[in-house]
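For reference, the chains in residue letters:
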Amino acid sequence: MSDVGTGRPVQQEFAGMPPKLYAASPSRLLALVDCPRRYRMQYLDKPRPEARAQRAHTSFGLAVHNALRDWWDLPRDRRTASAGRELVRHSWIDVGFRDADQSLAWRKRAQEHVVDYLGRVDPDDPPRGIERTVSFISGTLRLTGRIDRLDERDRELVVVDYKTSQRPLGEDDARTSLPLALYAAAVWKMFRHPCLRVELHHVPSGEIVSHTHTPESLTRKVDEAKSIAQDARRADADFAERGVESTLFPPVVGPLCTWCDFRAHCPEGQTAGPEKSGWAALEPSEVPRAAEVD
């Protein structure tokens, strides 16, 4: 049937029908938590406001991630640590840097980090998955995400996430990470095998921070995601009805506003301070934790 006023098709709902699933990724859920205004601009506004150009630390992180992914596709006789140097050169993204000299310096640094990291990886022990898309359904939430690497060690499945920020990892980074916990829950569901261990591999330093969840702690993280999804569903519905007049998308004004990709469209966010340069995150002291993207 069609809506009388608009002529658009409307799906009929019948008594006893299960509620429609809400599809989301961990990054979408966290965007709502960090700043509802940014969430609206990034996921709901049509057309989407133009975002600022990609920053240098994102280019650096993508190049490292892509090199570590592509390494496993090499023939076994070429799967050496030194091969990472050419993989970084091939995947390098020359965007966001101050100038060509800075880009070249950071490309060399990325090559050194990748070669050092691969020197500690067993080329004869391939992962169960590389950049594997995983998903699960819990209640009315359909959660989908992509993990950097899935290992199997001593019959244990381990979620591995690469980090490339210049800031060292903290002890609680793996334990408190909502995305990592949701990835582990999705792996458990899809592979029908317990997955409790999650790891953050800090490529620049070689440091590994890990946490082993319990079934109960994973359940709490899934419940947290479902609660956020309920808020997102409510906000999405209000936006569909009221558009930008909706009051459910207030800006969260603070230090992160100076990094926001959509600050040009947010007068409140612009009051937080001058916008950070495209290469500011290359200095670890400059970066608040939530601003890191890698």
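- Looking at an unreviewed UniProt entry, one finds the protein chain named RecB family exonuclease and attributed to Knoellia subterranea KCTC 19937.

1. A look at the domain arrangement of the protein chain
Stage number 1. According to the domain assignment, the protein chain consists of domain 1 (56-119) and domain 2 (129-223).
Stage number 2. For domain 1 and domain 2, the distance between their C-alpha centroids amounts to 24 Å.
Stage number 3. With 13 residues of domain 1 at the contact, the number on the domain 2 side is 10 residues.
Stage number 4. Broken down residue by residue, the surface that domain 1 buries against domain 2 is led by His65, His113 and Tyr117, which jointly contribute 50%.
Stage number 5. Linking domain 1 with domain 2 are 1 salt bridge.
Stage number 6. Across the pair Arg69 and Glu131 runs a salt bridge whose closest N-O atoms are separated by 3.8 Å.
Stage number 7. Counting across the domain 1 and domain 2 interface gives 5 residue pairs in polar contact (both at pLDDT 80 or more).
Stage number 8. Looking at the side of domain 1 that touches domain 2, the elements that each hand over two or more residues are α3 (56-71) and α5 (100-118).

2. Things to note about the pattern of salt bridges
Stage number 1. Per the stated rule, a full pass over the model turns up 23 salt bridges.
Stage number 2. Asp151 serves as the salt-bridge partner of Arg149, at 2.8 Å between the closest nitrogen and oxygen.
Stage number 3. Arg149 gets classed as buried once you look at its relative accessible area, which sits at 8%.
Stage number 4. In this structure, the salt-bridge partner of Asp238 is Arg242, at a minimum N-O distance of 3.8 Å. Taken as a pair, Asp238 and Arg242 lie in helix α8 (residues 215-242) at a separation of 4 residues, close to a single helical turn.

The rules behind each value
- Residues numbered from 1 in each chain as written.
- Predicted model: local features only at pLDDT ≥ 70, side-chain atom pairs only at ≥ 80, totals over all residues.
- Heavy atoms only, no water.
- Domains from an automatic or database assignment.
- Contact = heavy atoms within 4.5 Å.
- Buried area = accessible area lost by both parts, 1.4 Å probe.
- Salt bridge = Lys/Arg side-chain N within 4 Å of Asp/Glu carboxyl O.
- Polar contact = N/O pair within 3.5 Å; in protein donor to acceptor, adjacent residues only side chain to side chain.
- Helix = DSSP H or I, 4+ residues; strand = E, 2+ residues; numbered from the N terminus.
- Buried < 20%, exposed > 50% of the residue type's maximum accessible area, 1.4 Å probe, protein only.

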